[in-house]
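A look at the structure
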Amino acid sequence: MKARLRQLRRDERGMTFAFVAISLTGFLAASTLAVDVGMFMTARSQAQNAADAGALAGAVALVYDDFDNRSAAGPAVQSAIGTATGNEVMHGAVSVLPGDVTFPVSPSGASDRIRVQVYRTEARNNPVGTLIGPVFGIPTIDIVAAAVAEASPANAMTCVKPFTIP
């Protein structure tokens, strides 16, 4: 009996199967994590596209509709919200409220900018789900993006002396 136990302890048959099983588990975990990170980067890019589109639409509405109406019901805010929410992030709607559309002042002091923030967060009940995250206790992630657009005249120039002939 002792000889049989000693022989089993020294026997290395079947170890390849153990190494393959451990390696395969590690490979699957790394692959799934890579898929999650790829999904997060895609979601971030899509959220940034939604914010960019909203800011551009708001700037166009400032110029063409009503430059002075910056209220929550104004055309700039409504156009920014409508355009931003028209873009999906990972097959889900983004959240943009009137308070997420602001009008910052440019460094020159002009009030011709519009800033739009888009959200897919737990606080707004629309987070992005994860694939492997639930195993680690992270079933969802929050995605936030912001963009600023400026409504400025395109038919004017300011000090381009080296490039123009007076």
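Look up a bit, the structure's there.
Residues numbered from 1 in each chain as written. Predicted model: local features only at pLDDT ≥ 70, side-chain atom pairs only at ≥ 80, totals over all residues. Heavy atoms only, no water.

**As for the overall build of the protein**
- Secondary structure assignment for the protein yields 3 helices and 7 strands.
- For the protein, the succession of helices and strands along the chain, N to C, is α-α-α-β-β-β-β-β-β-β.
- Taken over the C-alpha trace, the protein has a radius of gyration of 27 Å; the compact-globule value for 166 residues is 15 Å, which it surpasses by more than 25%.
- Dimensions of the protein, computed from the C-alpha atoms along their principal axes, are close to 100 × 45 × 20 Å.
- Counting every position in the protein, which comprises 166 residues, the buried fraction comes to 29%.
- A sequence separation of at least 24 residues applies to 59% of the contacts in the protein between residues at least 6 apart. (Helix = DSSP H or I, 4+ residues; strand = E, 2+ residues; numbered from the N terminus. Rg over C-alpha atoms; globule rule 2.2 N^0.38 Å. Buried < 20%, exposed > 50% of the residue type's maximum accessible area, 1.4 Å probe, protein only. Contact = heavy atoms within 4.5 Å.)

**As for the pairing of strand 4 (residues 113-120)**
- Most of strand 4 sits out of view: 6 of its 8 residues are buried.
- Pairing between strand 3 (residues 101-102) and strand 4: 2 bridges, direction antiparallel. When the sheet's bridge partners are listed, Thr102 is paired in strand 4 with Arg115. (Pairing = 2+ DSSP bridges.)

**Details of the pattern of salt bridges**
- In this structure the tally under the stated criterion is 2 salt bridges.
- The residue Asp100 makes a salt bridge to Arg124 at a minimum N-O spacing of 2.7 Å. Residue Asp100 is found in the loop between strand 2 (92-93) and strand 3, and its partner Arg124 is found in the loop between strand 4 and strand 5 (128-129); the two are separated by 24 residues along the sequence.
- Arg124 sits in the partly exposed class, given a relative accessible area of 25%.
- Residue Arg113 is joined to Glu150 by a salt bridge in which the shortest nitrogen-to-oxygen separation is 2.9 Å. Within this pair, whereas Arg113 is found in strand 4, its partner Glu150 is found in strand 7 (residues 143-150), the two being separated by 37 residues in sequence. (Salt bridge = Lys/Arg side-chain N within 4 Å of Asp/Glu carboxyl O.)

**Looking at the nonpolar core**
- By size, the foremost hydrophobic cluster in this structure holds 28 residues, and its most contacted members are Val96, Val101, Phe103, Ile114, Val116 and Val118.
- Among the secondary structure elements, those contributing two or more residues to this core are helix 2 (15-64), helix 3 (75-85), strand 4 and strand 7.
- Top contributing element to this core by residue count: helix 2, with 8 residues.
- Setting aside its immediate chain neighbours within four residues, Val101 contacts Val77, Ala80, Ile81, Val96, Ile114, Arg115 and Val116. (Core = buried A, V, L, I, M, F, W, Y, C linked by side-chain atoms within 4.5 Å.)

**A look at unusual backbone geometry**
- The phi torsion at Met90 lies on the positive side, around 55°, for a residue other than glycine.
- Mapped onto the fold, Met90 is located in the loop between strand 1 (88-89) and strand 2.
- Exposure remark for Met90: the relative accessible area of 25% places this residue in the partly exposed category.
- In the Ramachandran plot, His91 falls in the positive-phi region, its phi being about 60° despite a non-glycine side chain.
- Mapped onto the fold, His91 is located in the loop between strand 1 and strand 2.
- Overall, His91 belongs to the exposed group, its relative accessible area being 75%.

**Comments concerning the sheet that holds strand 3**
- Across the sheet, 3 strands lie side by side as 3-4-7; this open sheet has antiparallel pairing. Each edge of the sheet is formed by a strand with only one pairing partner; in this case those strands are strand 3 and strand 7.
- Of the strands in this sheet, strand 4 and strand 7 touch helix 2, which is tilted by about 30° from strand 7.
- Running over the sheet, helix 3 touches strand 3 and strand 4 and is turned about 35° from strand 4. (Axes fitted to C-alpha atoms, helices over the stretch in contact; angles between N-to-C directions.)

Nothing here speaks to function; it is geometry throughout.
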